[in-house]
Amino acid sequence: MNKQKSYEDVKEYVTRISIRNGWKLNSDKEQLDDLITGLQANFNRLGYYNCPCRDSQEDHQLDRDIICPCRYAEQDIKDYGYCYCTLYQQLDFDISRPLRMIPERRP
Amino acid sequence: MDYIINHFDFFVDLIDFQITSNCVDFSLFKTICGLIVSLDQIKIPENIVNVEATHDKQQYSEIFLFTISTCMWCKKAKRWLNRQGFQYSYLDIDLIPVEDKNKLKAEIQEVFGVKPRFPFLVVNKIQWDSGYNPDIWEEMIN
């Protein structure tokens, strides 16, 4: 059984990921909070950071492409400025731009 | 299928015309009924949450939402419906057993002809929209 993650643990994890990849985190406080609590719930239920906005098969192997940061994030951020769930964004992403759901790249 | 939904009013008028002119073509009627998709064709698990309306306006649309409890877009969708004051029901599909969930998703795909992404909105059991698109939803609901 994995150790349960706190909100702060998850925030530290996603901050580290964003810095390592040259991205930034969603700057909308409510959205960021929703995303972090979603990831936290997924980790504490499944044992891994399943994308909060994608449906899990509750199997690490089957879900490996949608474990945060998902396999599609880099390309989505290049093409749209943010990833599918909007957690990670391009450093120069214009925060005044309204966020819309982007197409699902997952087959 | 989309053709029928998009031209629903036309087919209703056509049937109405046939009835009033006393020349009902039952084969056409049967074909149309067979093609119309409905939420009733899907077996939905019982963990549905009902949200009461918060305004006194008459609501003519029945709203059902399939969601993922951890999803930011789904939370936005619920907040949007709450802000509008609509009465609606929703099901967090990630909170039901995975076998039931997969069956449900397959049924949604079979009935509505689309691989669902969430939130997935169904209005009056026949109109649907996949993803969070409040501009489209407003039109569908009103």
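Shown above is the structure to which this text applies.
The present account deals with the structure reproduced in this document. Computed from a predicted structure; not experimentally measured.

### What to know about the overall build of chain B
Phase 1 of the analysis: Counting secondary structure elements, chain B contains six helices and five strands.
Phase 2 of the analysis: Element order for chain B, N to C, with α for helix and β for strand: α-α-α-β-β-α-β-α-β-β-α.
Phase 3 of the analysis: Expressed as a percentage of its 142 residues, the buried residues of chain B come to 45%.
Phase 4 of the analysis: Here the analysis covers contacts within chain B between residues at least 6 apart in sequence; of these, 65% occur between residues at least 24 apart.
Phase 5 of the analysis: Total accessible area on chain B stands at roughly 8100 Å², and carbon and sulfur atoms take up 51% of it.

### Considering the packing of aromatic side chains
Phase 1 of the analysis: Summed over all chains, the structure comprises 13 aromatic pairs over all chains.
Phase 2 of the analysis: Aromatic pair Tyr82(A) and Phe93(A): ring centres 5.4 Å apart, planes at 80 degrees, arrangement edge-to-face. Note that Tyr82(A) is positioned in the loop between helix H3 (73-80) and strand E2 (88-90) and Phe93(A) in the segment after E2, a separation of eleven residues in sequence.
Phase 3 of the analysis: What makes Tyr82(A) buried here is its relative accessible area of 4%.
Phase 4 of the analysis: Ring centres 6.3 Å apart and planes at 50 degrees place the aromatic pair Phe66(B) and Phe120(B) in the tilted group.

### Description of empty space enclosed by the protein
Residue and element names in this part refer to chain A.
Phase 1 of the analysis: As enumerated under the stated definition, the model contains two cavities of 30 Å³ or more in all.
Phase 2 of the analysis: Computed from the structure, the largest cavity encloses a volume of approximately 60 Å³.
Phase 3 of the analysis: Lining the largest cavity, in full, are Cys 51, Arg 54, Cys 68, Pro 69, Cys 70, Ala 73, Cys 83, Tyr 84, Cys 85 and Tyr 88.
Phase 4 of the analysis: A breakdown of the residues in the lining of the largest cavity according to their chemical character gives nine nonpolar, no polar and one charged.

### Here's the deal with the sheet that holds strand E5 (residues 127-130) of chain B
Residues and elements named next belong to chain B.
Phase 1 of the analysis: Spatially, E1-E3-E2-E4-E5 is the arrangement adopted by the five strands of the open sheet, whose pairing is mixed. Looking along the sheet, the strands with just one partner apiece sit at the ends: strand E1 (49-51) and E5. Across this sheet, the average inter-strand angle for adjacent strands is 20 degrees, counted without regard to direction.
Phase 2 of the analysis: With respect to the sheet, helix H5 (residues 98-112) is in contact with strand E2 (63-67), strand E3 (88-92), strand E4 (120-123) and E5, its orientation differing from that of E4 by roughly 55 degrees.
Phase 3 of the analysis: Sheet contacts for helix H6 (residues 134-141): E2, E4 and E5; angle to E5, the most-contacted strand, approximately 170 degrees.

### Digging into the pairing of E2(B)
All names here are of chain B.
Phase 1 of the analysis: With respect to burial, E2 is a largely interior element, five of its five residues being buried.
Phase 2 of the analysis: Covered by surrounding structure in E2 are Ile 63, Leu 65 and Thr 67 together with Phe 64 and Phe 66, the residues of both alternating faces.
Phase 3 of the analysis: Note: E2 against E4, four bridges, orientation antiparallel. Paired with Phe 66 across the two strands is Phe 120, which belongs to E4.
Phase 4 of the analysis: By the bridge criterion, four bridges tie E2 to E3 in an arrangement that is parallel. From the neighbouring strand, Phe 66 faces E3, where its bridge partner is Leu 91.
Phase 5 of the analysis: You can see the chain leave E2, run along helix H4 (residues 72-84) and come back into E3, and the turn it takes is right-handed.

### So, the nonpolar core
Phase 1 of the analysis: Cys53(A), Leu87(A), Tyr88(A), Phe66(B), Phe112(B) and Trp137(B) are the most contacted members of the largest nonpolar core, which totals 69 residues.
Phase 2 of the analysis: Setting aside its immediate chain neighbours within four residues, Leu87(A) contacts Val14(A), Lys24(A), Leu25(A), Asn26(A), Leu32(A), Leu35(A), Leu39(A) and Cys68(A).

### Description of unusual backbone geometry
Phase 1 of the analysis: Following Cys68(A), the chain continues into Pro69(A) via a peptide bond in cis, with omega recorded as 0 degrees.
Phase 2 of the analysis: Tracing the sequence through the fold places Pro69(A) in the loop between helix H2 (29-46) and H3.
Phase 3 of the analysis: The amide bond that connects Phe118(B) to the next residue, Pro119(B), takes the cis arrangement and shows omega of 10 degrees.
Phase 4 of the analysis: If you trace the backbone, Pro119(B) turns up in the loop between H5 and E4.
Phase 5 of the analysis: The backbone of Asn124(B) sits at a positive phi, close to 50 degrees, despite the residue not being glycine.

Basis of the calculations
- Along each chain, residue indices are assigned from 1 in the same order as the chain's sequence is written.
- Ligands are numbered from 1 and chains lettered from A, in the order in which they are written.
- Totals for whole chains, interfaces and linings use all residues, but because this is a predicted model, local features are given only for residues with pLDDT of at least 70 and pairs of side-chain atoms are given and counted only at 80 or more.
- Think of the side-chain values as coming from all heavy atoms in the structure, minus any hydrogens and water.
- The helix count covers DSSP runs of H or I at least four residues long, the strand count covers runs of E at least two residues long, and both are numbered beginning at the N terminus.
- We call a residue buried when its accessible area falls under 20% of the maximum for its residue type, exposed when it is over 50%, and partly exposed in between, using a 1.4 Å probe and counting protein chains only.
- The contact criterion used is simple: two residues touch if any of their non-hydrogen atoms lie within 4.5 Å.
- Computed with the Shrake-Rupley method and a 1.4 Å probe, the accessible areas treat only the protein chains shown as cover for residues.
- Stacked, tilted and edge-to-face are the three classes applied to pairs of Phe, Tyr and Trp rings, where Trp contributes its six-membered ring and a pair requires centres within 6.5 Å; stacked means planes under 30 degrees apart, edge-to-face means over 60, and tilted covers the rest.
- Computed over the protein atoms alone on a 1 Å grid, cavities are sets of points where a 1.4 Å probe fits but cannot get out and pockets are open sets with protein on both sides within 12 Å along at least five of seven lines; a residue lines them when it has an atom within 4 Å of a point.
- Grid points are joined across faces, edges and corners, and a volume is the space filled by probe spheres set on the points.
- Residue polarity is assigned by list, with Asp, Glu, Lys and Arg as charged and Ala, Val, Leu, Ile, Met, Phe, Trp, Tyr, Cys and Pro as nonpolar; anything else, Gly included, falls into the polar class.
- At least two DSSP bridges between two strands are required for those strands to pair.
- Angles run from 0 to 180 degrees between N-to-C directions of axes, and those axes are lines fitted to C-alpha atoms, restricted for helices to the stretch in contact.
- Viewed with both strands pointing away, a crossover whose connecting path from the first strand over the helix to the second turns clockwise is right-handed.
- To qualify as a nonpolar core, a set must consist of buried Ala, Val, Leu, Ile, Met, Phe, Trp, Tyr and Cys residues joined through side-chain atoms within 4.5 Å.

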